[in-house]
Amino acid sequence: MFASGAVGTACVLLLAACSQAGAPPGAAHPSPSAPAGQATGPEATFMAAYGSYDQQKILDKALQVKIARCMAMNGFTYHLSGAGTGASSSEMGRKQWGGQFRMDLTNDDVTKSRQEGYGIYREPVGQTAPEDPNSYVNSLPPDRRQAWNQAMQGGGRRAEATLPGIPKVGIPSEGCIGEAYNELYGDLQTYIRVSGLMNGLGIPLKDRWGRDPQVVAAVEPWRRCMKSQGLPFEGWKDAVEAAVKLYEDKNVPRQKAHPEEIRIATADAECSVQTGKSRVERARFVYYQQRLLEEWEPQIGQYKQIREAALTRARMELGSAR
């Protein structure tokens, strides 16, 4: 594996990018009535354990500082990544943070829909992945590149966890990556199990909710309502996808919502309210949130303890690194 691959795996694993796991198409464009950062009920309990976006940034930076120090002791330079530090990246990161716990698969805010549709026009476009500050490693002689990766990942052993209904997750348990994670989070096997759970819970949560008989039944009257307005969509995600496609033409201005997006989103919200679809969907989502809280209560509590202890260590690390 090239160095850039190792760096990417170490520094973004199990973070914000994973919080959308299990979400169907359209979930990247949350409903206007479900803004991030306003958690209530079971979602608030999840987020109290999961922590904030800004706290995670502290943990990420401390992890990289530890990796850099370890690599220096092995005779290599490791440059800290500035990925996701731009204003638009931070805004998007905060918006998506904790999305696995959030009900973002329905829309019943008629007023906001009339003003800005689903808000798709505000999504950043044309962003490219930030340059890897350690890409210089790829130009090293093969033996030095191999030594760099050996220092980063050790001999290839990994701490892994497989959880019901959630894809297997893992991180290197050796080398500077394993050492840094161990110093920050403690026992790696325990950390990977509980962090994999917290980041992957959106998969069983939204899967159970999507197959709920009451949720399925609530779609039919909404579908008839939408069809009566000339919008024959099978489901909510189809409506959102149609709105997304309006912006595929790069010449379409994005200063404000496309009129057709507003028409689709407004009809969606009105039909959701009139038919009671969103009321059923939200009630059943809370039901499954609560079920998962009860089902995984010990692990969620353990993750919270590990994260809070790691945050204390991270702040001490960054304070001493200044």
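Q: So what's going on with the packing of aromatic side chains? Residues and values would help.
A: All chains considered together, the criterion is met by 11 aromatic pairs. Where tyrosine 53 meets tryptophan 97, the ring centres are 6.2 Å apart and the plane angle is 70°; that geometry is what we call edge-to-face. Placement of tyrosine 53 in helix H3 (residues 53-73) and of tryptophan 97 in the loop between helix H4 (87-96) and helix H5 (110-116) is noted, with a sequence separation of 44 residues between them. As far as the burial class goes, tyrosine 53 and tryptophan 97 line up, both buried. Through pairs of rings, three or more aromatic residues link up here, namely Phe46, Tyr50, Tyr53, Trp97, Phe101 and Tyr303. The ring of tryptophan 222 has lysine 277 lying over it, and the distance from NZ or CZ to the ring centre is 5.1 Å. One residue, arginine 284, lies across the ring of tyrosine 287, its end atom 4.3 Å from the ring centre.

Q: Could you give me a rundown of the nonpolar core, with the residues and numbers involved?
A: Considering soluble globular proteins, one finds that nonpolar side chains tend to be buried as a cluster. Ranked by internal contacts, the top residues of the largest apolar core, which has 77 residues, are Ile67, Met71 and Tyr118. For this core, the element with the highest residue contribution is H3, accounting for 9 residues.

Q: Which residues make up the environment of glutamate 160, and what values do they have?
A: Mapping glutamate 160 onto the fold places it in strand E1 (residues 158-163). Overall, glutamate 160 belongs to the partly exposed group, its relative accessible area being 33%. Separated by 11 residues in sequence, glutamate 160 and isoleucine 171 place their C-alpha atoms 6.7 Å apart. Residues contacting glutamate 160, with those up to four places away along its chain left out, are Lys168, Val169, Gly170, Gln189 and Ile192. A polar contact of 3.2 Å, which involves the side chain of glutamate 160, links it to the side chain of arginine 158.

Q: Which residues make up the packing of helix H6 (residues 142-153) against helix H7 (residues 175-185), and what are the values?
A: For the pair H6 and H7, interaxial distance at closest approach is 2 Å and the crossing angle is 20°. Overall, the two elements H6 and H7 adopt an arrangement that is roughly parallel. Contacts between H6 and H7 involve Gln150, Ala151, Met152 and Gln153 from the first element and Gly175, Cys176 and Ile177 from the second. Here the residues of the contact of H6 with H7 sort into 4 nonpolar, 3 polar and no charged.

Q: Mind laying out the pairing of E1, listing which residues take part and the relevant values?
A: Each regular strand displays side chains that alternate between the two surfaces of the sheet. Here E1 shows a buried face lined by Ala159, Ala161 and Leu163 and an unburied face lined by Arg158, Glu160 and Thr162. Across 5 bridges, E1 lies against strand E2 (residues 166-172) in antiparallel orientation. Looking at the pairing, leucine 163 lines up with isoleucine 166 of E2.

Q: Could you give an account of helix H12 (residues 259-275), naming the residues involved and the relevant values?
A: Over its 17 residues, H12 extends 24 Å from the first C-alpha to the last, a length consistent with the 24 Å expected when each residue adds 1.5 Å. Restricting attention to buried positions, one finds in H12 the residues Glu261, Ile264, Ala265, Thr266, Ala267, Asp268, Ala269, Glu270, Cys271 and Ser272. Along its buried surface, H12 packs onto H5, helix H10 (213-228), helix H11 (236-245) and helix H13 (277-295). In the stretch just after H12, glycine 276 is the one whose phi turns positive, near 80°.

Q: Residue-level account of the side chain of threonine 190, with values.
A: Within the secondary structure layout, threonine 190 lies in helix H8 (residues 188-200). Accessibility expressed as a relative area gives 17% for threonine 190, which makes it buried. A distance of 2.7 Å separates the side chain of threonine 190 from the side chain of aspartate 187, its partner in a polar contact.

Q: Pulling in residues and values, what's your account of the state of the cysteines?
A: Evaluated as defined, the whole model comprises 2 disulfides. Between the sulfur of cysteine 70 and that of cysteine 176 lies a disulfide, 2.1 Å long from S to S. On the sign convention where negative is left-handed, the bridge of cysteine 70 and cysteine 176, at about -75° about the S-S bond, is left-handed. With cysteine 70 in helix H3 and cysteine 176 in helix H7, this residue pair connects regions lying 106 residues apart in the sequence. With respect to burial, cysteine 70 and cysteine 176 carry one shared label: buried. Here cysteine 225 connects covalently by a disulfide to cysteine 271, the sulfurs 2.1 Å from one another. Between cysteine 225 and cysteine 271 the sulfur-sulfur dihedral comes to about -75°; the bridge is accordingly left-handed.

Cut-offs applied
- Residues numbered from 1 in each chain as written.
- Predicted model: local features only at pLDDT ≥ 70, side-chain atom pairs only at ≥ 80, totals over all residues.
- Heavy atoms only, no water.
- Phe/Tyr/Trp six-rings, centres within 6.5 Å; stacked < 30°, edge-to-face > 60°.
- Helix = DSSP H or I, 4+ residues; strand = E, 2+ residues; numbered from the N terminus.
- Buried < 20%, exposed > 50% of the residue type's maximum accessible area, 1.4 Å probe, protein only.
- Lys NZ or Arg CZ within 6 Å of the ring centre and 35° of its normal.
- Core = buried A, V, L, I, M, F, W, Y, C linked by side-chain atoms within 4.5 Å.
- Contact = heavy atoms within 4.5 Å.
- Polar contact = N/O pair within 3.5 Å; in protein donor to acceptor, adjacent residues only side chain to side chain.
- Axes fitted to C-alpha atoms, helices over the stretch in contact; angles between N-to-C directions.
- Parallel < 35°, antiparallel > 145°, perpendicular 65-115°, else oblique.
- Nonpolar A, V, L, I, M, F, W, Y, C, P; charged D, E, K, R; others polar.
- Pairing = 2+ DSSP bridges.
- Expected span 1.5 Å × (residues − 1).
- Disulfide = S-S within 2.5 Å.

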